[in-house]
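Chain and residue survey
Single-letter residue listing:
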Amino acid sequence: MDRIRIVGGQRLHGTIRISGAKNAALPLMIASLLTKDTLTLHGVPRLADVTLLSRILGNHGVDITIAGKRAGQSTSDGQTFKLTAAEIVDTTAPYEMVARMRASFWVLAPLLARCGEARVSLPGGCAIGTRPVDLHLTALEALGASIELDGGYVIAKAPKGLIGGRVHLAKVSVGATHNALMAAVLALGDTVIENAAREPEVADLAACLVEMGAKIEGIGTSTLHIEGVPSLHAAEHAVLPDRIETGTYAMAAAITGGDVFLEGARADLLQEALDILRTSGVEVEETNFGIRVARNGHGLGPVSVETQPFPGFPTDLQAQLIALMCTASGVSEVRETIFENRFMHVQELARLGARIDLKGDTALVTGVNGLRGAQVMATDLRASVSLIIAGLAAQGETTIGRVYHLDRGFERIEEKLRHCGAHIERLSG
Ligand code: EPU
């Protein structure tokens, strides 16, 4: 199993190109199931989750070609995917696949909308919490689907097609909004989705669906109005930049006291996180081409933060912020309100000398004078990158095990950090 080795203490300086967002690319790829025509996606990141989803979609009959590099392009430009679901050959998403990636559960709605039936394994729990799917199922029922659970599978049927209706999501859920949206676009009549997630990745999916011929109003708000259409058609769409990758590198630059330009990053996608960094004493400059993050000689102050659905502070940046606050002067309070078990990085950060007390859903982080390198273990995607952030600032050597978690969501992370002066390498085997 690969490990990552970091020798900390180098200030990051330079430019990091921000990739297409994993959490936008996945639902966009899934949306290809909704039409027999070709969906072309630009800026798809090179990630393990993208590869796995390609295999899952291939099982359903989606033909995927990855366009070659165009003149002047480099490997940092993201890939162009052409996805064609001319015919759906299988409406079952098996346990072996859905268990490995939760987002693959979202094939449920498009398979149901297009074929009138779908059999999709329950995704089950995962490292960060129980993560139920009740909201997904009630949303589809509101659009006329019959739902049965059998042998760990959700069996959804709508033989005469889905019918528009009122979907009220009792809790804000990104995935349930994706599923409800993909079901509603092909339903007969009008649908209203209330309390929809406002995450930029939901807006990106909605924008792509509109390019495919869907009729959606209220994009970016918590009430989506959809007028169903009989079919969707070919479209071309560029995946939006990854706000979590942006925030992660911003915190990496900040912890090392560096100065980094995050090329292609969009400040409007993570305003709250950038404001928190400013509160802590980090210089953040927003431009039309990206975001510059610098901490030239200033100390870091503590912050008090609570994770919230967009536009609040994202849960996917909570672990990284805790890593950063490990070196701030004073006590920071970080409350996790989205997932009940998303503090597994805390005990690993403690190996590097961090002082963090967990009190229920809140981490109290007391800044220390310096972190020291150690052997640590990645437990999930965002937790593993928090260990990299801490390792970059720690004195001496840090090795991180189980880095396959990292490869699910960060494109060429060692290369990007090394390019800015970090001493980081991957050790194979
Ligand atoms: N929830 C329910 N019932 C449901 C669905 C969700 O109670 O039917 C709860 C969840 O347990 C959680 C809350 O609602 O407490 C929010 O979960 P949500 O459905 O929004 O999460 P998700 O769609 O499964 C996506 C991202 C996550 C990100 C969350 C929250 C993707 C592929 N995943 O998950 O990203 O943390 O939204 O923003 O888009 C990651 O990238 O590392 C990651 C975990």
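Our structure's up above, just so we're on the same page.
To keep things clear, this report deals only with the structure shown in the data block.

Calculation rules
Residues numbered from 1 in each chain as written. Predicted model: local features only at pLDDT ≥ 70, side-chain atom pairs only at ≥ 80, totals over all residues. Heavy atoms only, no water. Axes fitted to C-alpha atoms, helices over the stretch in contact; angles between N-to-C directions. Helix = DSSP H or I, 4+ residues; strand = E, 2+ residues; numbered from the N terminus. Parallel < 35°, antiparallel > 145°, perpendicular 65-115°, else oblique. Contact = heavy atoms within 4.5 Å. Nonpolar A, V, L, I, M, F, W, Y, C, P; charged D, E, K, R; others polar. Salt bridge = Lys/Arg side-chain N within 4 Å of Asp/Glu carboxyl O. Buried < 20%, exposed > 50% of the residue type's maximum accessible area, 1.4 Å probe, protein only.

A word on the packing of helix H6 (residues 174–184) against helix H7 (residues 200–211). Between H6 and H7, the shortest axis-to-axis distance is 10 Å and the interhelical angle comes to 10 degrees. When the interaxial angle is binned, H6 and H7 end up roughly parallel. Of H7, the residues touching H6 (which contributes Val 174, Thr 177, His 178, Leu 181 and Met 182) are Glu 201, Val 202, Leu 205, Ala 206 and Leu 209. A per-class count over the contact of H6 with H7 returns seven nonpolar, two polar and one charged.

We now examine the pattern of salt bridges. Counting across every chain of the model gives 24 salt bridges. Note that Glu 411 is salt-bridged to Arg 46, the shortest N-O span being 3.6 Å. Separated by 365 residues along the polypeptide, Glu 411 in the loop between helix H13 (404–407) and helix H14 (413–418) and Arg 46 in the loop between strand S3 (38–44) and helix H2 (48–60) bring together distant segments of the chain. Take Arg 46: its relative accessible area is 32%, and that puts it in the partly exposed class. Among the salt bridges present, the one from Asp 316 reaches Arg 342, with a minimum N-O distance of 2.8 Å. Taken together, the positions of Asp 316 in the loop between strand S18 (304–306) and helix H10 (318–325) and Arg 342 in the loop between strand S19 (331–335) and helix H11 (345–351) put the pair 26 residues apart, joining distant regions of the chain.

Before going further, it helps to examine the environment of Ala 354. Structurally, Ala 354 can be placed in the loop between H11 and strand S20 (355–359). Judged by its relative accessible area of 9%, Ala 354 falls in the buried class. Taking the C-alpha atoms as reference points, Ala 354 and Gly 367, 13 residues apart in sequence, are found 7.4 Å from one another. Excluding residues that lie within four positions of it along the chain, Ala 354 makes contacts with Cys 326, Leu 349 and Leu 371.

The next thing to look at is unusual backbone geometry. The residue after Phe 310, namely Pro 311, is reached through a cis peptide bond having omega 10 degrees. A positive phi angle is found at Asn 195, which is not glycine, with a value near 60 degrees. Mapped onto the fold, Asn 195 is located in the loop between strand S11 (190–194) and H7. Even without being a glycine, Arg 402 presents a positive backbone phi close to 55 degrees. Along the chain, Arg 402 turns up in the loop between strand S23 (397–401) and H13. You can call Arg 402 partly exposed: its relative accessible area is 37%.

Scope: geometric values only; no functional claims are made or implied.
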